[in-house]
Amino acid sequence: ASFFARMFVQVCLYFYCKCLWRCLKFVVRKLTGRCELQRICYNTKPGAARTMKIEASLKGSKSKRLQTSVSVHPDAIEKTIDDIMELKRINPDINPQLGVSLQACLLQIVGYRNLIAEVEKLRREPYDSENPQHEEMLLKLWKCLKPNSPLKARISKQWCEIGFQGDDPKTDFRGMGLLGLYNLVYFAEWDTEIAQQVLSDSLHPKYSQFSKAEWEKKKFDKAIGYSFAIVGINITDLAYNLLVSGALKTHFYNVAPEAPTLTHFQQTFCYLMHEFHKFWIEEDPLDIMEFNRVREKFHKRILKQLQNPEMALCPHFAASESLINM
């Protein structure tokens, strides 16, 4: 009985607050002469803070047309903005900048949804050793990471040198499908120097601090290395979960002036790989069995950073100046 009583009170509070909120919005509109979308665009600077408020406002609207505006096709955004302006009785001639701001926000919102779909498609596509394109990408990964060490055979123990578990990497991609390979190749090809350094450090994390003789003496006092490729696939999983959960909206809405793309996602992966590597060294785990603990701690730190609406994980990938004037 007490359970149903609590449920009844919660339902009543929900509807009371909802009605109260709608009444408050109505009063504020009458006082200011502006609807909620106008107030957000005029009072909130561009980026995640504005886009996330616009997204919440559209999703929470009582109008179905506004609710569905966050999931339209990118080609329909311009028409959708006209519909919103008409529905809200906003004169575009008097408020020309509003349409531009709303369009930028909708491009980001719709783009984020489409990016999830694109990433999910790659994740679900298994690695196929009979597919020449898949094989070409795998060989490119080796060439980028080990340019001075030719691969002696497609099936080879050499793959362990870049962190795969066996002599055929195809079995290691099962969890993340082609997405894991795409990310590793992007990291190795476009951030080659850092990728090679991370690979080297993962094999002997503290080696650079000591001579070879000193290194051998410190067998019981050296950071534990890890399997570069396997960790890359694992960090792909982390990035994927951040994306699907919506946590990466903060970052993407701050760095992508329009629709976030797969390239934005891959750049974020590069950042996460680099940051995880530094975090792993700082944590100085006793053995590789601590990997899940370190990964979870790292995950929580990234989530905390993304709670800041002004957060951009990798500022060097910041968006163009066009966003500032919207």
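I will try to describe carefully the structure that is included in this document. (Residues numbered from 1 in each chain as written. Predicted model: local features only at pLDDT ≥ 70, side-chain atom pairs only at ≥ 80, totals over all residues. Heavy atoms only, no water.)

### A word on the nonpolar core
Ile54, Leu102, Leu141, Leu181, Phe265 and Leu272 are the most contacted members of the largest nonpolar core, which totals 82 residues. In this structure, this core is formed jointly by two domains, domain 1 (34–123) and domain 2 (127–307), each of which donates at least three residues. Discounting chain neighbours no more than four positions away, the residues touching isoleucine 54 are Leu37, Ile40, Cys41, Leu102, Cys105 and Ile109. (Core = buried A, V, L, I, M, F, W, Y, C linked by side-chain atoms within 4.5 Å. Buried < 20%, exposed > 50% of the residue type's maximum accessible area, 1.4 Å probe, protein only. Domains from an automatic or database assignment. Contact = heavy atoms within 4.5 Å.)

### Overview of the environment of aspartate 287
In this structure, aspartate 287 sits in the loop between α13 (262–283) and α14 (291–306). A relative accessible area of 34% means that aspartate 287 is categorised as partly exposed. For aspartate 287 and glycine 225, which are 62 residues apart along the polypeptide, the C-alpha to C-alpha distance reads 8.4 Å. In this structure the side chain of aspartate 287 is engaged in a polar contact, spanning 2.9 Å, whose partner is the backbone nitrogen of methionine 289. (Helix = DSSP H or I, 4+ residues; strand = E, 2+ residues; numbered from the N terminus. Polar contact = N/O pair within 3.5 Å; in protein donor to acceptor, adjacent residues only side chain to side chain.)

### Quick word on the pattern of salt bridges
One pass over the structure, following the stated rule, counts 16 salt bridges. The closest approach of N and O atoms between glutamate 310 and lysine 45, which form a salt bridge, is 3.3 Å. In this pair, glutamate 310 sits in the segment after α14 while lysine 45 sits in the loop between α2 (36–43) and α3 (48–59), placing the two residues 265 residues apart along the sequence. Classification of lysine 45 as exposed rests on a relative accessible area of 52%. Residue glutamate 161 is joined to lysine 146 by a salt bridge in which the shortest nitrogen-to-oxygen separation is 3.3 Å. Taken together, the positions of glutamate 161 in the loop between α7 (132–145) and α8 (177–190) and lysine 146 in the loop between α7 and α8 put the pair 15 residues apart, joining distant regions of the chain. Under the relative-accessibility criterion, glutamate 161 is labelled partly exposed at 34%. Connected via shared salt-bridge partners are Glu283, Glu290, Arg293 and Lys297. (Salt bridge = Lys/Arg side-chain N within 4 Å of Asp/Glu carboxyl O.)

### A word on the packing of aromatic side chains
Inspection of every chain in the model, using the stated rule, returns 16 aromatic pairs. Between tyrosine 186 and tryptophan 190 the ring centres are 6.3 Å apart and the planes differ by 40 degrees, which places this aromatic pair in the tilted class. Of the two residues, tyrosine 186 and tryptophan 190 both sit in helix α8, 4 residues apart, roughly one turn of that helix. Ring geometry for phenylalanine 276 and phenylalanine 291: centres 5.6 Å apart, planes at 65 degrees, overall edge-to-face. Here the residue phenylalanine 276 occupies a position in helix α13, and phenylalanine 291 occupies one in helix α14, the gap between them amounting to 15 residues. Neither residue differs from the other here; phenylalanine 276 and phenylalanine 291 are each classed as buried. Here a set of aromatic residues connected by ring pairs shows up, and it is made of Tyr226, Phe276, Phe279, Trp280, Phe291 and Phe298. One Lys or Arg, lysine 249, reaches over the ring of tyrosine 112 and ends 5.7 Å from the middle of that ring. (Phe/Tyr/Trp six-rings, centres within 6.5 Å; stacked < 30°, edge-to-face > 60°. Lys NZ or Arg CZ within 6 Å of the ring centre and 35° of its normal.)

So, to be careful, I would describe these as geometric facts and stop short of saying anything about function.
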